[in-house]
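# Summary of structural features
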Amino acid sequence: MIIYSEEKNGPQSVFIKTVTDDGGVATSVRRVSMPLYQIEEEGFVYFILYDEHMKPIPSVYQYLNFRMKESPLTSRSKAAFAIRLLYCFLSLSGYRVNRIDEKAFRELLFFLRGINTNPKQYSMKTQRSNNTVNGYLSVYRTYFGFADISCDAIFKAHTVRTDHVFEDADSPVRKKYDNNLKAPNYSNDTVPKYIGPEDFKHIFKAILDAKDVQSRLIVHLMYGYGLRLGEVLGLTTEDILEIRDNGKLVPVLILRNRMSDARFQFAKGLPHVIDQRQYSSRDYLAARQRIVITYTLYEELIDFIEDTHAHMMEKYPENYEKGYADIVSVRDKPDTNHYVFLNRYGRILSDQTWNNTLKRYFEIAGIPIDVDIRDNNLSHRFRHGFAMFHARFSKHPADA
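We now turn to the structure provided with this report.

Here is what the cut-offs are and how they apply
- Residues numbered from 1 in each chain as written.
- Predicted model: local features only at pLDDT ≥ 70, side-chain atom pairs only at ≥ 80, totals over all residues.
- Heavy atoms only, no water.
- Helix = DSSP H or I, 4+ residues; strand = E, 2+ residues; numbered from the N terminus.
- Expected span 1.5 Å × (residues − 1).
- Buried < 20%, exposed > 50% of the residue type's maximum accessible area, 1.4 Å probe, protein only.
- Arc of directions from axis to C-beta.
- Contact = heavy atoms within 4.5 Å.
- Pairing = 2+ DSSP bridges.
- Axes fitted to C-alpha atoms, helices over the stretch in contact; angles between N-to-C directions.
- Phe/Tyr/Trp six-rings, centres within 6.5 Å; stacked < 30°, edge-to-face > 60°.
- Lys NZ or Arg CZ within 6 Å of the ring centre and 35° of its normal.

## Focus on helix α10 (residues 295-315)
Here α10 spans 30 Å end to end across 21 residues, near enough to the 30 Å set by a 1.5 Å rise per residue. Within α10, the full set of buried residues consists of L297, Y298, L301, F304, I305, H309 and M312. Viewed along the axis of α10, the buried residues span an arc of 125°, placing them on a single side of the element. Of the residues in α10, the exposed ones pointing more than 90 degrees away from the buried face are T296, E306, D307 and E314. If you follow the buried residues of α10, they end up packed against α7 (213-225), β9 (240-245), β10 (248-255) and α11 (317-321).

Structure below.
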């Protein structure tokens, strides 16, 4: 009999393969613990996975530190952990990474889950959910594609059709991988990790019924374009403009940070300004992000600014004046600049005020709300929904 087991050795597990005879006596024991190191150099964290002979695995190094260079550190860390599990399994089982057939793939799934159809064969400290394992498989697909590793078992898929949300969306066809584990459906008391198309329709309808133009624009930016809440709340009138691209005028949003921003208005991953002289620096100008939007959304934003800001400027002039933002344009500087989204008293819309508004729409739409968890991840579900929409429902699905 072959028994796989796991032992904790500091932050990283040691995996063990024990072969026993019919009497239960161990005839061989193999231990594998492939070290995964993080080394920080000049502000960047490098991941290095070593094999059992303490040699770095080149394709893993290139994938984690070059292919995923622009990914958040948490995403790179999770990918590194998943790939370490894969190579530990390969070392224990004797399979090669480019020779994973259906039999090897089934064993890999049991190894990742920490269970088997024969429980005596596995004695794992950790038992992972189907969703977690499917996340690992998504990493492997991207890594295999990067490293040009062939594996029919992991890539086998078929297409399915489903509804889409926006009228101008791509054909509602998505890829479904045959060997993914079946994930359980969310019950009514479970918080979903992202807003799906049906949930978005219910939320959007509640906002439309309330004739809430500002909320409609905010959720459109988050779900339709993937903006984080801070990026939305930090938008100023100066950031909505038309530029010439390939001879055509294109409406865009410019994401950037300002000294005048509150903490809840920060755009993640962009430079934080501590001196106004930074506005003219190459680093600041190069780091800004440009989001191309439709002319319909562009005109709706302009109309909203003209109507709402004129009203607030007249009704709450002192509050409105406190919402002025730094002007950072190098060319064509506007006479004044103001944050786009406001509360009902003409002040800058805060994350707390928005969370209370969004919570109300979640309740109307019948979508579970977090319990004892910070409310702002209600907004982040739209960003996850944007990603899932393009990964699952797009004609040309994005990878992980």
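## Comments concerning the pairing of β9
Relative to β10, β9 runs antiparallel, the two sharing six bridges. Residue pairing across strands places I243 opposite V250, the latter belonging to β10. Between β9 and the antiparallel strand that follows it, β10, lie two residues; N246 among them carries a positive phi value of about 55°.

## Topic: the sheet that holds β9
Read across the sheet, three strands follow the order β9-β10-β11 without closing on themselves; strand pairing throughout is antiparallel. One side of each edge strand has no neighbouring strand; the edge strands of this open sheet are β9 and β11 (289-292). On average, each strand axis in the sheet is tilted by 50° relative to the strand beside it, whichever way the strands run.

## Describing the packing of aromatic side chains
Enumeration according to the criterion identifies 22 aromatic pairs in this entry. Seen from their ring centres, F44 and Y46 are 4.8 Å apart, and the 80° between their planes marks the pair as edge-to-face. Aromatic side chains F89 and Y95 sit 6.1 Å apart centroid to centroid with 25° between the ring planes, which places their arrangement in the stacked category. Take F89: its relative accessible area is 1%, and that puts it in the buried class. These aromatic residues form a ring-pair network of at least three members: F200, F204, Y223, F362, F382 and F389. Positioned above the aromatic ring of Y177 is the side chain of R141, whose terminal nitrogen or guanidinium carbon lies 3.6 Å from the ring centre. The cationic tip of R360 hangs over the ring face of Y361; the distance from NZ or CZ to the ring centre is 5.8 Å.

Everything listed here is a matter of geometry and, on its own, says nothing about what the molecule does.
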